[in-house]
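Coordinates in review
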Amino acid sequence: MEQLQVTDLQVEFGGLRAVDGLSFSVQEGEILCLLGPNGAGKSTTLDLICGKTQPTAGSIQLNGVEISQMLEFRRARLGIGRKFQVPSVYKNLTVDENLSVARSRRPGMWSALTRLSLTDARESAAILDRVHLGAKRAELAGNLSHGETQWLEIAMLIAQDSKLILMDEPTAGMTIQETERTAKIFRSLSDSHTLIVVEHDMSFVRTVADRIIVMNRGAMLAEGSIEEIEANEDVKTAYLGH
Amino acid sequence: MSSKFQYDLVALVIFALVVAFGVPAVMNYDGFELNTFARYLALAIVSMALSLSWGTAGLLNLGQAATFGMGSYAMAMHLKLRASDGLPDFMAWNNVETLPWVWVPFESLTFTLLAGLLVPAFIGGLIAIFMFRARIAGVFVAIITLAFLVAFQLLFINQQGHTGGQNGLTGLAQMSLFGWIVDPYSMGFYNLVAGCLVVALAFGVYLTHSKFGLILRAIREDADRARFFGYNVANYQTLVFCISAALAGWAGMLYTLVLEFASPTYMSVSFSLAIVIWCAVGGRESVIAAAFGAIVVNMLEGRLSDVFVEGWHLILGVIFVLVVMFMPRGIYGLLSESLQKLRGIGRPRDHRDAETFPNT
Ligand SMILES: Nc1ncnc2c1ncn2[C@@H]1O[C@H](COP(=O)(O)OP(=O)(O)OP(=O)(O)O)[C@@H](O)[C@H]1O
Ligand SMILES: [Mg+2]
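Residues numbered from 1 in each chain as written. Chains lettered and ligands numbered in written order. Predicted model: local features only at pLDDT ≥ 70, side-chain atom pairs only at ≥ 80, totals over all residues. Heavy atoms only, no water.

- In the annotation of an unreviewed UniProt entry, chain B is listed under the name Urea ABC transporter permease subunit UrtC and assigned to Antarcticimicrobium luteum.
- Looking at the Subcellular location (unreviewed entry) heading of the UniProt record, one finds this comment for chain B: "Cell membrane". (UniProt positions renumbered as here; feature names shortened; annotations may be inferred.)

1. Things to note about the interface of chain B and chain A
- Facing 33 residues of chain B, the contacting portion of chain A comprises 44 residues.
- For the pair chain B and chain A, the summed buried surface comes to about 3400 Å²; carbon and sulfur atoms form 58% of the total.
- Its largest share of buried area at the contact with chain A, chain B owes to Lys211, Phe228 and Phe229 of chain B, together 23% of the area lost on that side.
- Our enumeration of links across chain B and chain A arrives at four salt bridges.
- The closest approach of N and O atoms between Glu97 of chain A and Arg217 of chain B, which form a salt bridge, is 3.1 Å.
- If you look at where chain B meets chain A, you find 23 residue pairs in polar contact (both at pLDDT 80 or more). (Contact = heavy atoms within 4.5 Å. Buried area = accessible area lost by both parts, 1.4 Å probe. Salt bridge = Lys/Arg side-chain N within 4 Å of Asp/Glu carboxyl O. Polar contact = N/O pair within 3.5 Å; in protein donor to acceptor, adjacent residues only side chain to side chain.)

2. Details of the site of ligand 1
All names here are of chain A.
- Around ligand 1 lies a shell of 13 residues, among which Asn38, Gly39, Lys42, Ser43 and Thr44 are the nearest.
- One nitrogen or oxygen atom from the side chain of His200 is found 3.3 Å from an oxygen atom belonging to ligand 1.
- Mapped onto the shell around ligand 1, the elements with two or more residues apiece are β2 (16-27) and α1 (42-50).
- Considering each element in turn, the shell around ligand 1 owes the most residues, three residues, to α1.
- Grouping the amino acids of the shell around ligand 1 by side-chain chemistry returns four nonpolar, seven polar and two charged. (Near = heavy atom within 4 Å. Helix = DSSP H or I, 4+ residues; strand = E, 2+ residues; numbered from the N terminus. Nonpolar A, V, L, I, M, F, W, Y, C, P; charged D, E, K, R; others polar.)

3. Topic: helix α7 (residues 146-160) of chain A
All names here are of chain A.
- In this model α7 runs 21 Å from its N-terminal to its C-terminal C-alpha over 15 residues, within 8% of the 21 Å that 1.5 Å per residue would give.
- Most of α7 is tucked away: 14 of the 15 residues are buried.
- Following α7 by one or two positions, Asp161 adopts a phi angle in the positive range, close to 60°. (Expected span 1.5 Å × (residues − 1). Buried < 20%, exposed > 50% of the residue type's maximum accessible area, 1.4 Å probe, protein only.)

What follows is the structure, encoded as structure tokens:
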């Protein structure tokens, strides 16, 4: 079933069309990788889906519901989670507290008033072991290394447990081993989640992607399996000639 | 339960014991001294209320004095009615011949107590909804609340026939609570105020350690990130504003009982700024520290303003500047940092050190 349907999406920043007539759909349980040279509009596409940016035209439907005009928190409640390109965790909060904030099944105030701050982190403690942060639970997130910060944000998205997870360059700054571990986690996530992943690391893409979309100048350049993409002439010129 | 929560609970118990037993003993149970200290305790409540919105949520409310004033006038209206035979004296002097309808329900103590909490909460909530739905943040919150305070005080003073104007409400009766005539110079009254403060602090400690408090801290650091996790940021900010306003109203009611009059100076800009200073000196992150800050600064004022009648405000200003420059997290920050050093954790300093005022 189609989980996400994007149609003729467009956004303009002072004359610049960062996304220009983009259409694609994502199936439930799929991992879609979004590739493209710098400035192609990949992050902006994710921004449009999660509500960080408002489109100037086009539609975005999640399970058949039009979401392109909804506020961010409503989209999150409908099941969209976002990891940002610049790791975006709460530096003044501990790892556990970050996880607790992320675990937002019941985002209402009444539930927040009747729970202690770390209750939700306790319930999702196993996630931290999975990303090897189990020993740093009481550490302030601001004291983590860059790689650990990436892990923490991934852990937060797992805790948030959204149906559709948007990952912007999740392995940037990670070692090869860490990247491999991330790939494993993503594969296991796809059992019950749909993922859109923006990545530059081709070996990572090769491992996780069910399907690939290549973007260039805000529009779709190519779509298909990894083999199809690697054989595509347009893609080669876009990457070499930009 | 986190270790921070345990520390706060221990601190709360110690604080409660000192205030309930230590202070009266040191004061030799002297009625006049107890009344003075009860005044500090009432002010401690408004300071801890500010720490909830400012320290936890990063919303610097400079209109705190307005909500404090609402509580204090609610109580004063009730006591004025009890002291007058029908029409309060100042109304007659201002050619107001019948009791204005707003005054009528204040005959009832129950209504008065509820109004003292709910009117500030409601008005605070109105301003909050307007600000936070529009995603106003940082210094603009301070400017809007300050503007509201100034307008509110002006309006209040202008309605002389209804509010007593510049003179405030004086010549009040004593409150009668379930048949107990509350004498502000008695030990019983001191215990009442101390009890209110401890209850308010217990509530504040719980709130800051609940998930609600955690989400507020998250919002303070990065409101957008919280939205992408599904939190309705405006609602959270509005609720903490309401809670803070209700606590300020509660403090205002007690303040009127202590001083036995209500004055429009309770709604002045300088009073609002003083609350900010108490809160900053104690440490705005912790409700207990903010309460402590109010007590310490007011005790200092009690001692020093006799000596430096004219210069006290200057001294207060200098204290504030020094605190902002050298201990941005207040006494609380100083203590918790030394504690961490003692335990040899050797953690780098907290990231929020540098930021005293919200910058977004
Ligand atoms: N808020 C904004 N205001 C103005 N221009 C913007 C804004 N956001 C993005 N852009 C522009 O839109 C274009 C697409 O940016 P985007 O961040 O989506 O690229 P990207 O594909 O994610 O690139 P990268 O691989 O470098 O992350 C760029 O030219 C960028 O400068
Ligand atoms: Mg990008």
